[in-house]
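Examination of the molecular architecture
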Amino acid sequence: MGSYFRFSKAFVVLGLAFTVLTQAQSQPWSLLEAPNDLTLKLIRDPVTLSLASTDYGHIVHDNPFAIFSPSSISDISLLINFSNSLAIPFTIAPRGQAHSVNGQAMANDGVVVNMTELNGFRNGAGIVVVSDGRTNAPYADVGGEQIWIDVLHATLEHGLTPLSWTDYLFLSVGGTLSNAGISGQSFRFGPQISNVHELDVVTGKGDLVTCSSENNSELFYAVLGGLGQFGIITRARIALGPAPTRVKWLRLLYNDFSAFSADQEHLISLNGRNDTIAADYVEGFLLLNQPPLDLSSFPAPDQPRVTSLVTQYGIIYIIELVKYYDNSTQEHVDEDVKVLVEGLKFVPTFMFEKDASYEEFLNRVHADELFLTSQGLWDVPHPWLNLFVPGSRISDFDEGVFKGIILKQNITAGVAIIYPMNRSKWNDQMSAVTPNEDVFYTVSLLHSTGFDKVEEFQAQNQQILKFCKDAGIEIKQYLPQNKTRNEWIKQFGSKWKTFQERKNQFDPNRILSPGQRIFN
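Figured I'd write up the structure that's included with this text. (Residues numbered from 1 in each chain as written. Predicted model: local features only at pLDDT ≥ 70, side-chain atom pairs only at ≥ 80, totals over all residues. Heavy atoms only, no water.)

The helix and strand inventory of the chain stands at 18 helices and 18 strands. In terms of overall size, the chain behaves like a compact globule, its C-alpha atoms giving a radius of gyration of 24 Å where 520 residues would be expected to give roughly 24 Å. Summarising its shape, the C-alpha atoms of the chain cover approximately 70 × 65 × 45 Å along the three principal directions. Looking at the 520 residues of the chain, the share that counts as buried comes to 56%. Put simply, of all contacts in the chain between residues at least 6 apart along the chain, 75% involve residues at least 24 apart. Of the accessible surface of the chain, which amounts to about 22,600 Å², a share of 53% is contributed by carbon and sulfur atoms. On the chain, the mean spot of the 39 positive side-chain charges and the mean spot of the 55 negative ones are 5 Å from each other. (Helix = DSSP H or I, 4+ residues; strand = E, 2+ residues; numbered from the N terminus. Rg over C-alpha atoms; globule rule 2.2 N^0.38 Å. Buried < 20%, exposed > 50% of the residue type's maximum accessible area, 1.4 Å probe, protein only. Contact = heavy atoms within 4.5 Å. Areas by Shrake-Rupley, 256 points an atom, 1.4 Å probe, with all protein chains shown as cover. Lys, Arg positive; Asp, Glu negative; His and termini not counted. Charge placed at Lys NZ, Arg CZ, Asp CG, Glu CD.)

A few words on the pairing of strand 15 (residues 385–390). Side chains on a regular strand alternate between the two faces of the sheet. Counting buried residues along strand 15, six of its six residues qualify, which places the element largely inside the surrounding structure. Here strand 15 shows two buried faces, one formed by Leu385, Leu387 and Val389 and the other by Asn386, Phe388 and Pro390. Sheet topology note: the strand 15/strand 17 (residues 439–447) ladder contains six bridges and is antiparallel. Across the sheet, Leu387 pairs through a bridge with Val443, a residue of strand 17. Of the pairings in the sheet, the one linking strand 15 to strand 18 (residues 476–477) comprises two bridges and is antiparallel in character. Looking across to strand 18, one finds that Phe388 is bridged to Lys476. (Pairing = 2+ DSSP bridges.)

By definition, the strands of a sheet pair up through backbone hydrogen bonds, in either a parallel or an antiparallel sense. The four strands lie next to each other as 1-2-4-3, forming an open sheet whose pairing is mixed. In this open sheet, the two edge strands, each paired with only one partner strand, are strand 1 (42–43) and strand 3 (92–95). The pairing of strand 2 (residues 66–68) with strand 4 (residues 111–114) spans three bridges and is classified as parallel. When the sheet's bridge partners are listed, Phe68 is paired in strand 4 with Val113.

To continue, consider the environment of Gly241. Among the secondary structure elements, Gly241 is positioned in strand 10 (residues 231–242). Between the C-alpha atom of Gly241 and that of Ile511, which follows or precedes it by 270 residues, the distance is 37 Å. Once residues within four sequence positions are removed from consideration, Gly241 is found in contact with Gly159, Leu160, Thr161 and Leu163.

With that out of the way, let us pick up the packing of aromatic side chains. Tallied over the full model, the rule gives 29 aromatic pairs. A centroid spacing of 6.0 Å and a plane angle of 35 degrees characterise the contact between Phe492 and Trp496, whose relative ring orientation is tilted. Across the pair, exposure class does not vary: Phe492 and Trp496 are buried alike. A network of ring pairs unites the aromatic residues Phe230, Trp488, Phe492, Trp496, Phe499 and Phe519 as a single cluster. (Phe/Tyr/Trp six-rings, centres within 6.5 Å; stacked < 30°, edge-to-face > 60°.)

The next point concerns the pattern of salt bridges. Tallied over the full model, the rule gives 27 salt bridges. Here Arg502 and Glu218 are joined by a salt bridge, their closest N and O atoms 2.9 Å apart. Linking Arg502 in helix 18 (residues 496–506) with Glu218 in helix 9 (residues 217–223), this pair joins segments that are 284 residues apart in sequence. Residue class for Glu218 comes out partly exposed when judged on its relative accessible area of 35%. Linking Lys248 and Asp334 is a salt bridge whose minimum nitrogen-to-oxygen distance equals 3.5 Å. Here the residue Lys248 occupies a position in strand 11 (residues 246–254), and Asp334 occupies one in helix 12 (residues 333–341), the gap between them amounting to 86 residues. Taken together, the shared-partner salt bridges in this structure form one network comprising Asp141, Glu198, Asp200, Arg235 and Arg237. (Salt bridge = Lys/Arg side-chain N within 4 Å of Asp/Glu carboxyl O.)

As far as function goes, none of this settles anything; it's purely spatial.
Here you go:
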């Protein structure tokens, strides 16, 4: 047995060596051609290459030719300029936290830029909060490699906070701004890309450009939601507002989808930035009569009756509603909450309330991460599907997908999230695309599964996409996973021509973010 394992290990090492040799032979360029400043920062050891060949999805595995560890922003420009100088440029993919699920941060036979290395270059100044009273609009200048949980901590020290979030905070700023950055605050403040004043971007030409809605606006709008196709975000100026200290966190249970969606849409109609009556966060999710039924977020004494409700109706829809408060508003927050829920048609007695700190609420997913990691259930395949569904067709989606596919197939393992947003909070000049309706829904099917079940979930995802196509539901994918040119053209719709023109303008050799598979 011992000799067998020694042989197997030797075979693996030999295989890795052969892979590296084969990759080297397949490259149209050599490390010897690179400037000395680059050569020292290009890493090719098999272990490091392997780490960059996967992501949170654990489904796509693309091996890069090298990992680049920049020690300054100019290093990134130098790398891009070197690629463009070659007869056949190599592709380049920035990698922050690699929380993509379909290889979007990979570069097969290209170079992956380890953005986290810029933390050393920043020397502790990756997040600079400006709140000195000289401006009426406080902001934070944040490195693209920084993660949102650190932004939260830095701004809270000044009594400030970004206005819009993602549900999970251990994501890089550059990564979420390259997509949109959405959560239950988006109905009111828009996605994260709607809360950016200014960017520093290294374009696909190697130029370092500062851009905003007033200066170099074409690049600014291209990069926000641009899936990394036009430049690498190295700094973002994020809008801030006063930070609350605590939240009232409600869950309202529904057995009727029409009542659920009508109440969600009512809640997001109260969306003025200074509207004291408005909710601060509105999301929703499903409880399906499928094992395992996770009721850990409900009080233990109420879990049996929640189980009974789910068993009776098959699907229970839950509105997650949050109202922020602080010392100055504490006296009337309960009355504000009462006004918010008045007239809502949830199942009587099935309203659950929790009081939590603002940070505890925003960082709620991290507790799940720690638990799942301890159980070996975090670093598993995630065949996710994220969609934007037109509000006019959300009932058809419920009947055809939630009830007609997911509930019937009984393979659900993960979280199903559904909540509406207001299109008026999105800037149509940006690259991000949404359905062309005033209200549209985010539907996120966040599957977690074993490696043996990935194909089953992928097949279900394709069935859902086919249902939408056959039913004429004009969905848009969020964190899209399109495979063909026609699918990408349909995804961008009327924006496709502009998207192409911007690619030609800012990344004419098509070297950036090849893992999106748009132009490669």
